[in-house]
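# Observations on the model geometry
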Amino acid sequence: MSWSEWAREMEVEPSIYAADFSRLGAQLETLVEAGARVFHFDVGDGRFIPEITIGPVVLASISPLVRGWGARLDCHLMVSEPERHFEAVANAGGDSVTFHVEACDDPRRAITYARSLGLGAGVAFKPETPVEEAAAASEGADLVLCMSIHPGYSGQEFMPDALERLARLRALLPSQVRVQVDGGINGETARAAHQAGADLLVAGSAVFWTDDPGSAYRGLVERATDG
């Protein structure tokens, strides 16, 4: 299966990095019951970003559950030399892999390699990277991820200038390529980001740092699509 088959017209993707790992399986099941179908899985190596996050061991432990519930795992590699990790992501049960244009010498080769492993492919870019550079590097990709924070830890505030970058990105990409946004997506920013052109909204703290992640997820979907 591919993004065109598993992703709806608009998805709010709960970001697992913000989850309570002592209750991870239960939280994911609650979100699937609330309607979530794509989960965002952030990998950080302590080099490309300062934080060391989660990796293939955690991915392998949850992928049978997530796939059994009919959901998918969208893996965002905030790492140096990202292609070195594609096979591990595929073997651990990831469905798609997104790498940073700033960390990759040959994006087209990376996209081709991801596809050879049965993975969807995405290209991400930091706030400082020109939108045009990311769009040009995305030929053959399923999605382009516009970071609306500096990649790294959860809970950062949405950068207002991301709205203009999202709009430019959407205008530059073919219609079939999805536009994803990650960072600071909450009840105040989800609708604006969606209206600017994003149809894949990654939300971490706004979902998991609440008393009821399922209700928080449903609320974000409603806010994003309201009006």
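This text goes with the structure placed above it.
One structure accompanies this document, and this report is about it.

Thresholds, definitions, all that
Residues numbered from 1 in each chain as written. Predicted model: local features only at pLDDT ≥ 70, side-chain atom pairs only at ≥ 80, totals over all residues. Heavy atoms only, no water. Core = buried A, V, L, I, M, F, W, Y, C linked by side-chain atoms within 4.5 Å. Buried < 20%, exposed > 50% of the residue type's maximum accessible area, 1.4 Å probe, protein only. Helix = DSSP H or I, 4+ residues; strand = E, 2+ residues; numbered from the N terminus. Contact = heavy atoms within 4.5 Å. Pairing = 2+ DSSP bridges. Axes fitted to C-alpha atoms, helices over the stretch in contact; angles between N-to-C directions. Arc of directions from axis to C-beta.

### Overview of the nonpolar core
Counting 65 residues, the largest nonpolar core has I16, F39, L169 and L201 as its most contacted members. For this core, the leading source of residues is helix α2 (residues 24-34), giving five residues. Residue contacts for L169: discarding those within four places in its chain leaves F125, V131, A135, V144, C146 and V179. Within the second largest apolar cluster, 10 residues are counted, among which are W6, L143, M147 and I149.

### So, the sheet that holds strand β8 (residues 200-203)
Pairing in this open sheet of eight strands is parallel, and the strands run β1-β8-β7-β6-β5-β4-β3-β2 from one edge to the other. Of all the strands in the sheet, just β1 (11-14) and β2 (38-44) have a single pairing partner and so form its edges. For this sheet the average axis-to-axis angle between neighbouring strands, irrespective of direction, equals 25°. In this sheet, strand β7 (residues 178-182) lies alongside strand β6 (residues 143-147) in parallel orientation, the contact comprising five bridges. From the neighbouring strand, L143 faces β7, where its bridge partner is R178. Along the sheet face, helix α5 (residues 107-116) touches β4 (96-100) and β5 (120-125) and points at about 150° away from the line of β5. Sheet strands touched by helix α10 (residues 213-225): β1 and β8. Its angle to β1, the strand with the most contacts, is close to 150°.

### Remarks on α2
Residues of α2 that are buried include every one of L24, Q27, L28, L31, V32 and A34, and no others. Burial along α2 is one-sided: seen end-on, the buried residues are contained in an arc of 160°. Among the structural elements, β1, β2, α3 (56-68), α9 (205-208) and α10 are those in contact with the buried residues of α2.

### A short note on α5
Restricting attention to buried positions, one finds in α5 the residues P107, A110, I111 and A114. Looking down the long axis of α5, one finds its buried residues gathered within 100° of arc, a one-sided arrangement. Seen from the open side of α5, the exposed residues pointing more than 90 degrees away from its buried face are R108, T112 and S116. Close packing links the buried residues of α5 with α4 (86-92), β4 and β5. Positive phi shows up at G118, right after α5, with a value of about 85°.

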